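Below are the chains, spelled out letter by letter.
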Amino acid sequence: QVQVAESGGGLVQPGGSLRLSCAASGSTTSIYVMGWYRQAPGKQRELVATITRIGVGSTNYADSVKGRFTISRDNAKNTVYLQMNSLNVEDTAVYYCHYGFRYWGQGTQVTVSS
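A brief report on the enclosed structure follows.

Cut-off values and rules
- Residues numbered from 1 in each chain as written.
- Predicted model: local features only at pLDDT ≥ 70, side-chain atom pairs only at ≥ 80, totals over all residues.
- Heavy atoms only, no water.
- Disulfide = S-S within 2.5 Å.
- Helix = DSSP H or I, 4+ residues; strand = E, 2+ residues; numbered from the N terminus.
- Buried < 20%, exposed > 50% of the residue type's maximum accessible area, 1.4 Å probe, protein only.
- Pairing = 2+ DSSP bridges.
- Contact = heavy atoms within 4.5 Å.
- Phe/Tyr/Trp six-rings, centres within 6.5 Å; stacked < 30°, edge-to-face > 60°.
- Lys NZ or Arg CZ within 6 Å of the ring centre and 35° of its normal.

Chemically, a disulfide is nothing more than a covalent bond linking the sulfur atoms of two cysteines. A full pass over the atoms with the stated rule returns 1 disulfide. The disulfide partner of cysteine 22 is cysteine 97, and the gap between their sulfur atoms is 1.9 Å. Note on the cysteine 22 and cysteine 97 pair: the S-S dihedral is about -85°, so by sign convention the disulfide is left-handed. Of this pair, cysteine 22 sits in strand 3 (residues 18-25) while cysteine 97 sits in strand 9 (residues 93-99), and the two are 75 residues apart along the sequence. For the pair shown, cysteine 22 and cysteine 97 are each scored as buried.

The structure is reproduced here in structure tokens:
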């Protein structure tokens, strides 16, 4: 059994930064893709970023966050991170972390507001 939990969400002003963490319990060595999705009110859940376990980690980003967000991981700690910079109001959403598109966290709220 793999359990996933996000943390680090909160309220931030436009232009500010937040770093989300996603900690997994249990063995995840057979999972090769991890990442983040988000869902804003009235919108469909959308892909934010993905990262692979092998090597230094290959990353992919949604066009809307490319250049502002950075996904990283620490395999030894079983943790995935999402560094979010230059936040704007359109980034307001519940952010969900996943391991292998199979194990998901409960989500953490990110609110960008003045």
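What follows deals with the pairing of strand 7 (residues 69-74). Only one face of strand 7 is covered, namely the face carrying Phe69, Ile71 and Arg73; the face carrying Thr70, Ser72 and Asp74 is uncovered. Where strand 7 lies against strand 8 (residues 79-84), 6 bridges are found, and the strand directions are antiparallel. When the sheet's bridge partners are listed, threonine 70 is paired in strand 8 with glutamine 83. Counting the residues in the hairpin turn of strand 7 and strand 8 gives 4 residues, including asparagine 78, whose phi is positive at 55°.

Moving on, we get to unusual backbone geometry. Backbone geometry at asparagine 78 places phi at a positive 55°, although glycine is not the residue there. Take asparagine 78: it is sitting in the loop between strand 7 and strand 8. Owing to a relative accessible area of 13%, asparagine 78 belongs among the buried residues under this scheme. With a phi close to 50°, serine 86 is a non-glycine residue in the positive phi region. Mapped onto the secondary structure, serine 86 falls in the loop between strand 8 and strand 9.

Inspection of the secondary structure puts glutamine 3 in strand 1 (residues 3-7). Assessed through its relative accessible area of 54%, glutamine 3 is described here as exposed. Taking C-alpha positions, glutamine 3 is 5.5 Å from alanine 24, a pair spaced 21 residues apart along the chain. Setting aside residues up to four positions removed in sequence, glutamine 3 forms contacts with Ala23, Ala24 and Ser25.

With that settled, consider the packing of aromatic side chains. In total, this model carries 2 aromatic pairs according to the counting rule given. Taking 6.4 Å as the distance between ring centres and 85° as the angle between the ring planes, the aromatic pair formed by tyrosine 37 and phenylalanine 101 counts as edge-to-face. With a gap of 64 residues between them, tyrosine 37 in strand 4 (residues 33-39) and phenylalanine 101 in the loop between strand 9 and strand 10 (103-104) connect regions that are remote in the sequence. Between tyrosine 37 and tryptophan 104, the aromatic rings sit 5.4 Å apart at their centres with planes inclined by 65°, giving edge-to-face as the arrangement. Taken as a pair, tyrosine 37 in strand 4 and tryptophan 104 in strand 10 lie far apart in primary sequence, 67 residues in all. We classify tyrosine 37 as buried; its relative accessible area is 18%. Look at tryptophan 104 and you get partly exposed, because its relative accessible area is 30%. Aromatic ring contacts, followed pair by pair, group Tyr37, Phe101 and Trp104 into a single cluster. The cationic tip of arginine 45 hangs over the ring face of tyrosine 96; the distance from NZ or CZ to the ring centre is 3.8 Å. When the ring centre of tryptophan 104 is taken as origin, the NZ or CZ atom of arginine 45, which lies over that ring, is 5.7 Å away.

Such coordinate-based values are descriptive only and should not be taken to indicate function.
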